[in-house]
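# Observations on chain architecture
Each chain, written out:
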Amino acid sequence: MAKALEGIRVLDMTHVQSGPSATQILAWLGADVVKLEAPTGDITRKQLRDLPNVDSLYFTMLNANKRSITLNTKTPRGKEILTELIARSDIMVENFGPGAIDRMGFTWERIQEINPRIIYASIKGFGDGPYTNFKAYEVVAQAMGGSMATTGFEGGPPLATGAQIGDSGTGMHAVAGMLAALFQRTHTGRGQRVQVAMQHAVLNLCRVKLRDQQRLAHGRLAEYPNEDFGDEVPRSGNASGGGQPGWAVRCAPGGPNDYVYVIVQPIGWQPITELIGRPELAEDPEWASPEARLPKLGKMFQLIEEWTSTLAKWEVLEALNAHNIPCGPILSTKEIIEDSSLKDQEIVVEVEHPERGSYVTVGNPLKLSDSPADVRRSPLLGEHNHDIYATELGLSPAELVEMQTNGVI
């Protein structure tokens, strides 16, 4: 069966996480993603290694389904080859520091001259302005995009999220931009520039907090459990932040992830009072309506936790779901990696690697009925040099040896 992006060539000049997460999605969708690396390789091949002299899980889990070539783009011959690669590509993606590609001699204007149909995507930390040249990392983007200021408990320090919303979150935004540009090209015949900033992507994911910042002008936010409100959206712990109150309540035996997250909808209050052994609260005017419960959310979830703390989280889950009450167990990374349903859905996937053996990775979260994704291992460094340079570009064996001797590949 043909893939959605079959026939699309992506020149992947990205490294670390934000760029590779984007190009990996394109590869899963069927694009031929050629990862161009310096002869020393993407830095993450060697970072956070669990096995000596083997590509790290950091690298393998962000570079599935790609082909790898090495090229020193600072050499004259390297620039010539890069020019030909650009000419043969539909999409070019990079996430170097601001101006790095320009300084190599490949400005957007030059890239358009080489290939007017190419979509040139850049992922940066920040947009044009006072932050442009700041070094961007995952948590820096979270800090400057609104996430950390609104994550954590009241009175506590700002916290980073476990989800990589700065890096991989930006990568997903870049995918949307590239696919939109690719579609527009079918009408215009022209390529275009796609730019995504990590700060902007995080802010887009924090839009509900900007909603609440404006609502503060009209008084306290009733759905927040906080006691005090200033002129900024406070950190509110595990509060849902939406129209229905929610909280993570502790379960037995009290381990670090023995919790269930519970949403209390108006229709769910009566069955909850039955479950917790307080049926009289369903009719008590002090508790019966959402308006009555809002000022005492802390007490409400304390009552629920007195019940949940006597049961295992899976028992709590079964009891709540029997009454159609929105809830979910807090799943640890160990539980997720062992979850049979996630394996059946091919979102937790086992892959064979020629050097590290078997490892588990995350599969494609985008499910297309006519374009199923086959998750294949990440490439070894320069594994496809011969395929690209000899077979596709027509370089002779002697030229390949010469380029290797001269440090071009």
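See the structure shown above.
Bear in mind the structure is a predicted one, so any value in this text is a computation, not a measurement. (Residues numbered from 1 in each chain as written. Predicted model: local features only at pLDDT ≥ 70, side-chain atom pairs only at ≥ 80, totals over all residues. Heavy atoms only, no water.)

Counting residues in each nonpolar core, the largest one holds 33 residues, and the members touching the most others are L5, I8, V10, L26, A31, I91 and M178. Only α1 (18-28), β4 (91-94), β5 (119-124), α7 (168-188), β6 (193-197), α8 (198-205) and β10 (348-353) provide two or more residues apiece to this core. Dropping the residues within four chain positions of it, I8 is found in contact with A31, D32, D90, I91, L182 and R185. Residues L36, I101, M104 and A390 belong to the second largest nonpolar core, which totals 28 residues. (Core = buried A, V, L, I, M, F, W, Y, C linked by side-chain atoms within 4.5 Å. Buried < 20%, exposed > 50% of the residue type's maximum accessible area, 1.4 Å probe, protein only. Helix = DSSP H or I, 4+ residues; strand = E, 2+ residues; numbered from the N terminus. Contact = heavy atoms within 4.5 Å.)

This part takes up the sheet that holds β4. Pairing in this open sheet of 6 strands is parallel, and the strands run β3-β2-β1-β4-β5-β6 from one edge to the other. Sheet topology places β3 (67-70) and β6 at the edges, where each strand pairs with a single neighbour. The sheet shows a mean angle of 20° between the axes of neighbouring strands, direction not considered. By the bridge criterion, 4 bridges tie strand β1 (residues 9-13) to strand β2 (residues 32-37) in an arrangement that is parallel. (Pairing = 2+ DSSP bridges. Axes fitted to C-alpha atoms, helices over the stretch in contact; angles between N-to-C directions.)

So, on to unusual backbone geometry. Going from A252 to P253, the amide bond is cis rather than trans, its omega being 5°. Examined against the element boundaries, P253 turns out to sit in the loop between β7 (246-250) and β8 (259-263). One non-glycine residue, L48, lies in positive phi territory at about 55°. Take L48: it is sitting in the loop between β2 and α2 (57-60). Its identity as a non-glycine residue notwithstanding, E346 has a phi of 60°, on the positive side.

Two packed helices can be described by the angle between their axes and the distance between those axes. Contact geometry of α1 with α7 gives a least axis separation of 7 Å together with a crossing angle of 45°. Judged on the interaxial angle alone, α7 and α1 are oblique. When you trace α1 past α7, the crossing you get is right-handed. When α1 is examined against α7, the residues S18, S21, A22, I25 and L26 are found in contact with a partner set consisting of S168, G171, M172, A174, V175, M178 and L179. Classifying every residue of the contact of α1 with α7 by side-chain character gives 8 nonpolar, 4 polar and no charged. (Parallel < 35°, antiparallel > 145°, perpendicular 65-115°, else oblique. Left-handed = near helix turned anticlockwise from the far one by under 90°. Nonpolar A, V, L, I, M, F, W, Y, C, P; charged D, E, K, R; others polar.)

Here we come to the layout of surface pockets. Which parts of space are left empty comes out when a probe the size of a water molecule is rolled across the atoms. By volume, the largest pocket is sized at about 820 Å³. Every residue lining the largest pocket is counted, 26 residues in all, and those nearest its centre are M61, S168, T361, V362 and G363. Only α1, α2, α7, α14 (333-337) and β11 (357-362) provide two or more residues apiece to the lining of the largest pocket. Class assignment of the residues belonging to the lining of the largest pocket gives a composition of 16 nonpolar, 9 polar and 1 charged. In this structure, the second largest pocket occupies an estimated 630 Å³ of space. Surrounding the second largest pocket, 25 residues form its lining, H15, V16, N95, A136 and Y137 being those nearest its centre. (1 Å grid on protein atoms, 1.4 Å probe; cavity = no way out; pocket = protein on both sides within 12 Å on 5 of 7 lines; lining within 4 Å. Points joined across faces, edges and corners; volume = space filled by probe spheres on them.)

Quick look at the sheet that holds β8 now. The strands making up a sheet associate through backbone hydrogen bonding, with each pair oriented either parallel or antiparallel. Taking strand neighbours across the sheet as the criterion, the 3 strands line up as β7-β8-β9 in an open arrangement whose pairing is antiparallel. Looking at the sheet topology across the chains shown, the edges are occupied by β7 and β9 (327-329). Neighbour-to-neighbour, the strand axes of this sheet turn through a mean angle of 20°, independent of strand direction. Relative to β9, β8 is paired through 3 bridges, and the arrangement is antiparallel. In the sheet register, V262 faces β9, and the bridge partner there is C327. Running at roughly 35° to β7, helix α12 (residues 297-308) makes contact with β7 and β8 of the sheet.

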